Protein chains: 2
Amino acid sequence: MNEKPLNKQKIIKIIENKISNDMSYKNGRIISSMCTYPDTFGVELFSKYIDKNIGDSKLFPGVVEIEKEVIKMIGSFLNNRNCTGSIVTGGTEANLIALWAFRELSGKTRIMLPETSHCSLFKIANILKLNVDIARVDSNRKLIPQEIKKLIKDDTFCIVAMAGSTGLGVIDPIREISEICLDKNIFLHIDAAFGGFVIPFLKKLGYDLPDFDFSVPGVSSITVDPHKMGLAPIPAGGILFRDEHLRNKIKWRVDYLSGGITEQTTFVGSRSGGSVIAVWGLMKKLGMEGYKKIIKECMNNTHYLVERLDEIENVSTVMSPVINIIGIKSDLLDIKSIAKGLRKRGWAVSLFPEHIRIVVTPSVTREVINYFIQDLKEESECIQAKI
Amino acid sequence: MNEKPLNKQKIIKIIENKISNDMSYKNGRIISSMCTYPDTFGVELFSKYIDKNIGDSKLFPGVVEIEKEVIKMIGSFLNNRNCTGSIVTGGTEANLIALWAFRELSGKTRIMLPETSHCSLFKIANILKLNVDIARVDSNRKLIPQEIKKLIKDDTFCIVAMAGSTGLGVIDPIREISEICLDKNIFLHIDAAFGGFVIPFLKKLGYDLPDFDFSVPGVSSITVDPHKMGLAPIPAGGILFRDEHLRNKIKWRVDYLSGGITEQTTFVGSRSGGSVIAVWGLMKKLGMEGYKKIIKECMNNTHYLVERLDEIENVSTVMSPVINIIGIKSDLLDIKSIAKGLRKRGWAVSLFPEHIRIVVTPSVTREVINYFIQDLKEESECIQAKI
């Protein structure tokens, strides 16, 4: 470390120089990410209240009240205003909290994950020392209830289903899985880290999408991240439980805190109150109307991108997009080569085994899509010419 | 959730109203917390770069370089510029990463924790399904090497020692414990979440404190949190490993990210680049000189508070403070009643079974101490009068 203090302006200059080649969520060039450029009001609130530490909750009863409200606000569009939960660091912590809570409640050690799960769920299973059965998906990339039934073992305590899968934004048949879970007395956790701030608004806009939330009786908990399509700054994940008792076994009593005896319900201890206030304020600022407007625009752009793909030979969509996620595949061309070419042209694209994923966030405007289509066309022609 | 968008100014007014009774780290009334009011330059940088997501690291190579540098900067005052590590969400994630890494490397399931451990270590042991042996401390609240030796079992893979214990800021006899760990081939993790940004500067100021860092050969990893005495905003924890191979088993390959195949070394996935840049910039701004100055002032105020305690009958320090943490006890009066009284008088104090903990952070100025001593005096007299 430098012995002498450095000048602030000099420091910022060095930083700017170091990150000058980094990408940005702002200009749409990151066309494949579930994270977004955060709303400026959320950033303003985060910065303004950055000194609050809701980990020592009794010092900040106002922030605690705001967290309770924001959980109910999210619960209100997930069909359970009486849910409990926390604003956490992201989807990984949210998923850990759910699986940890259910492992402790059940005393069992086996879960079932869809093959379309986010990789963090496998990481969490490793951390929690859980045995994992992987459930296959059908040609529509959805879990198959009959297959799930067969896979359940005596020590299975939880099934995870996706509402907006990582690769293609698919929603699993959660009503049918719920029936199985209720019948077998197994917890059902929904990973809607991305879809939680998308599907409810699309439904209100008239999209015919399957139920995935607390309206389905067997759903025990939902991961829903404000720092994805909620447009809040990182870190802001969310974990919601149907009922308080579901997290009883992971409440960690901390005796010594400055605010007095506290029961922490998150994995982390010290925790940003700025995150909590930013999510609350941002949701108030946008309201249902604001989110609907944003998602509508994203879906319109999704449909626009799908249409424009028709112009390009030898590439097509994996399936008709369910939400604002598109899979681009090619039966003739090597998808890896296309991704490589697009990256060279300055596009940050997600590569899955058989497709490129596009996530149409608010930064992915029509203008961005037009440039992208142009580059994709040139790139695929270029690769085709080499065959 | 509200249907219609709300006005920003109105939202801020509601927030201000809700949190009007919350406490603040700024005025010193939170006189017992390891967290501090963050330095304004750190906040400025965090806010400026809040849109960076180092979880998708290949999109942000500049931020990755900054993280590598900041880990080396911290490593430089922990006597290992070649260490590796990450800026994480806090001490809990840092401790989890270390114990998870060592569990996976060793294939064993038992750890030893000092009875003075931070409670999060027990939480982590629960999550990781580890068996825990609790090592007693001596009358100076330090681990007893001979006792540790006796407690080691065949499946013990890690011993945790404290460098700045939660209750009293004590530094365990880490050189002696290191010998045992090297002899038995056991990992040694140091929880210096608080002490890591204190002890090195005190040593440079001439304080005679025991070695606790990578200069001790058996030390495998250190938790050291910039968001405590490093004065960075939350979230900013730190985990440092002596050597890259120590975290080999917990590198989680994520294939699909927009930046391309990535190996994540943290528990969380999406992760604030703002945190990383804030810590880097803040450390550059303060330099060794700046931190030494801050810690010197804190220690001077610590000694001042200890001196002033002499004026009060029936209260005393548990021990001569090692770092800027003081334990206040009373042989005659009920310490719980004193804490209760102080809280009523507007002081947020940490209560341990036999003492009140004071943490002399930069907000705890002489003026604050003078007010505190006045209140403590009145309160203890008041309680004594009731006996």
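Predicted model only: the values in this text are computed from it and were never measured.

(A) Up close: unusual backbone geometry. All names here are of chain A. With an omega dihedral of 0°, the bond running from isoleucine 234 to proline 235 counts as a cis peptide bond. Mapped onto the elements, proline 235 comes out in the loop between strand 6 (219-223) and strand 7 (237-241). Despite not being glycine, arginine 141 has its phi angle at roughly 65°, a positive value. Structurally, arginine 141 can be placed in the loop between strand 3 (131-135) and helix 6 (145-151).

(B) Spotlight on the interface of chain B and chain A. In this assembly, 104 residues from chain B lie in contact with 104 residues from chain A. Counting the surface lost from both chain B and chain A, the interface buries some 8800 Å², and carbon and sulfur atoms represent 63% of this. Among the residues of chain B in contact with chain A, Met1(B), Tyr256(B) and Phe267(B) are the three that bury the most area, contributing 11% of the side total. For the interface between chain B and chain A, the tally reads 50 residue pairs in polar contact (both at pLDDT 80 or more). When residues of the side of chain B that touches chain A are traced back to their parent elements, those giving at least two are helix 1 (8-18), helix 2 (40-48), helix 3 (61-77), helix 4 (91-106), helix 5 (119-127), strand 8 (252-254), helix 9 (273-309) and strand 12 (350-351) of chain B. If you tally residues by element for the side of chain B that touches chain A, the top one is helix 9 of chain B, at twelve residues.

(C) Local environment of helix 1 of chain B. Within helix 1 of chain B, burial applies to Ile11(B), Ile12(B), Ile15(B) and Lys18(B). Taken end-on, helix 1 of chain B shows its buried residues confined to a sector of 125°, consistent with a single buried face. Turned more than 90 degrees off the buried face of helix 1 of chain B, the exposed positions are Gln9(B), Lys13(B) and Asn17(B). In this fold, the buried residues of helix 1 of chain B make contact with helix 2 (40-48), helix 3 (61-77) and helix 9 (273-309) of chain A.

(D) Inspection of the side chain of Lys284(B) at higher detail. Relative to the helices and strands, Lys284(B) is located in helix 9. Other than its neighbours up to four places away in sequence, Lys284(B) contacts Asn2(A), Lys4(A), Pro5(A), Leu6(A), Ile11(A) and Met73(B).

(E) Quick peek at helix 1 (residues 8-18) of chain A. Looking at the packing, one finds that the buried side of helix 1 of chain A touches helix 2, helix 3 and helix 9 of chain B. In this structure Asn7(A) caps helix 1 of chain A, since a side-chain oxygen of it lies 2.8 Å from the backbone nitrogen of Gln9(A).

(F) Local environment of the relation of the copies chain B and chain A. In screw terms, the move from chain B to chain A is a rotation of 180° and a rise of 0.0 Å along the axis, fitting with an RMSD of 0.0 Å. What the superposition gives is, in effect, a two-fold axis relating one chain to the other.

(G) Inspection of the sheet that holds strand 12 (residues 350-351) of chain A at higher detail. Residues and elements named next belong to chain A. Spatially, the four strands line up as an open sheet ordered 10-11-13-12, and their pairing is antiparallel. For this open sheet the edge positions go to strand 10 (316-317) and strand 12, each flanked by a neighbour on one side alone. Looking at chain direction, strand 11 (residues 325-329) and strand 13 (residues 356-359) are connected through four bridges and run antiparallel. Within the sheet, the bridge partner assigned to isoleucine 328 lies in strand 13 and is isoleucine 356. Those strands touched by helix 9 are strand 10, strand 11 and strand 13, and its axis lies near 15° from that of strand 11.

(H) Up close: the side chain of Ser258(B). Position of Ser258(B) relative to the elements: it lies in the loop between strand 8 and strand 9 (262-264). Of the polar contacts made by the side chain of Ser258(B), one reaches the backbone oxygen of Ser32(A); its length is 3.4 Å. When near neighbours in sequence (up to four residues on either side) are disregarded, Ser258(B) contacts Ile30(A), Ser32(A), Ser33(A), Arg343(A), Ala348(A), Val349(A), Ser350(A), Asp56(B) and Leu59(B).

(I) Highlighting the layout of surface pockets. Approximately 700 Å³ is the volume attributed to the largest pocket. As for the largest pocket, its lining consists of 26 residues, of which Tyr256(A), Glu115(B), Leu351(B), Phe352(B) and Pro353(B) are closest to the centre. Taken together, the elements giving at least two residues each to the lining of the largest pocket come down to strand 8 (252-254) of chain A together with helix 5 and helix 10 (335-344) of chain B. Looking at the lining of the largest pocket residue by residue, the class counts come to ten nonpolar, eight polar and eight charged.

(J) Up close: the pattern of salt bridges. All told, the structure shown has 49 salt bridges over all chains when counted by the stated rule. Between Glu147(B) and Arg136(B) there is a salt bridge whose closest N-O contact spans 3.4 Å. Placement of the pair is Glu147(B) in helix 6 (residues 145-151) and Arg136(B) in the loop between strand 3 (131-135) and helix 6, with a sequence separation of eleven residues. With relative accessibility at 24%, the residue Glu147(B) sits in the partly exposed group. Arg308(B) is paired through a salt bridge with Glu311(B); the nearest N and O atoms lie 2.6 Å apart. The exposure class of Arg308(B) is buried, given its relative accessible area of 18%. The structure contains a network of salt bridges with shared partners spanning Arg110(A), Asp133(A), Lys153(A) and Asp155(A).

(K) Layout of the packing of helix 3 of chain A against helix 9 of chain A. All names here are of chain A. Helix 9 packs onto helix 3 with a crossing angle of 45° between their chain directions and a minimal axis gap of 9 Å. The pairing of helix 3 with helix 9 is recorded here as oblique in orientation. Our pair here, helix 3 against helix 9, has a crossing hand that is left-handed. The residues of helix 9 that touch helix 3, namely those facing Val63, Ile66, Glu67, Glu69, Val70, Met73, Ile74 and Phe77, are Gly273, Val276, Ile277, Val279, Trp280, Met283, Lys284 and Met288. Here the residues of the contact of helix 3 with helix 9 sort into twelve nonpolar, one polar and three charged.

(L) Examining the pairing of strand 11 (residues 325-329) of chain B more closely. Residue and element names in this part refer to chain B. A large share of strand 11 lies buried, amounting to four of its five residues. Note that strand 10 (residues 316-317) and strand 11 share two bridges and pair antiparallel. Bridge assignment links threonine 317 to a residue of strand 11, and that residue is isoleucine 328.

(M) The arrangement of the packing of helix 9 of chain B against helix 11 (residues 366-386) of chain B in detail. Residue and element names in this part refer to chain B. Contact pair helix 9 / helix 11: the axes reach a minimum separation of 10 Å and the direction vectors enclose 25°. The angle between the axes of helix 9 and helix 11 places the two elements in the roughly parallel class. At the point where helix 9 passes helix 11, the crossing takes the right-handed sense. Contacts between helix 9 and helix 11 involve Asn300, Asn301, Tyr304, Leu305, Arg308 and Leu309 from the former and Arg366, Ile369, Asn370, Ile373 and Leu376 from the latter. Looking at the contact of helix 9 with helix 11, its residues break down into six nonpolar, three polar and two charged.

Rules used in this analysis
Residues numbered from 1 in each chain as written. Chains lettered and ligands numbered in written order. Predicted model: local features only at pLDDT ≥ 70, side-chain atom pairs only at ≥ 80, totals over all residues. Heavy atoms only, no water. Helix = DSSP H or I, 4+ residues; strand = E, 2+ residues; numbered from the N terminus. Contact = heavy atoms within 4.5 Å. Buried area = accessible area lost by both parts, 1.4 Å probe. Polar contact = N/O pair within 3.5 Å; in protein donor to acceptor, adjacent residues only side chain to side chain. Buried < 20%, exposed > 50% of the residue type's maximum accessible area, 1.4 Å probe, protein only. Arc of directions from axis to C-beta. Least-squares fit on C-alpha atoms with pLDDT ≥ 70 in both. Pairing = 2+ DSSP bridges. Axes fitted to C-alpha atoms, helices over the stretch in contact; angles between N-to-C directions. 1 Å grid on protein atoms, 1.4 Å probe; cavity = no way out; pocket = protein on both sides within 12 Å on 5 of 7 lines; lining within 4 Å. Points joined across faces, edges and corners; volume = space filled by probe spheres on them. Nonpolar A, V, L, I, M, F, W, Y, C, P; charged D, E, K, R; others polar. Salt bridge = Lys/Arg side-chain N within 4 Å of Asp/Glu carboxyl O. Parallel < 35°, antiparallel > 145°, perpendicular 65-115°, else oblique. Left-handed = near helix turned anticlockwise from the far one by under 90°.

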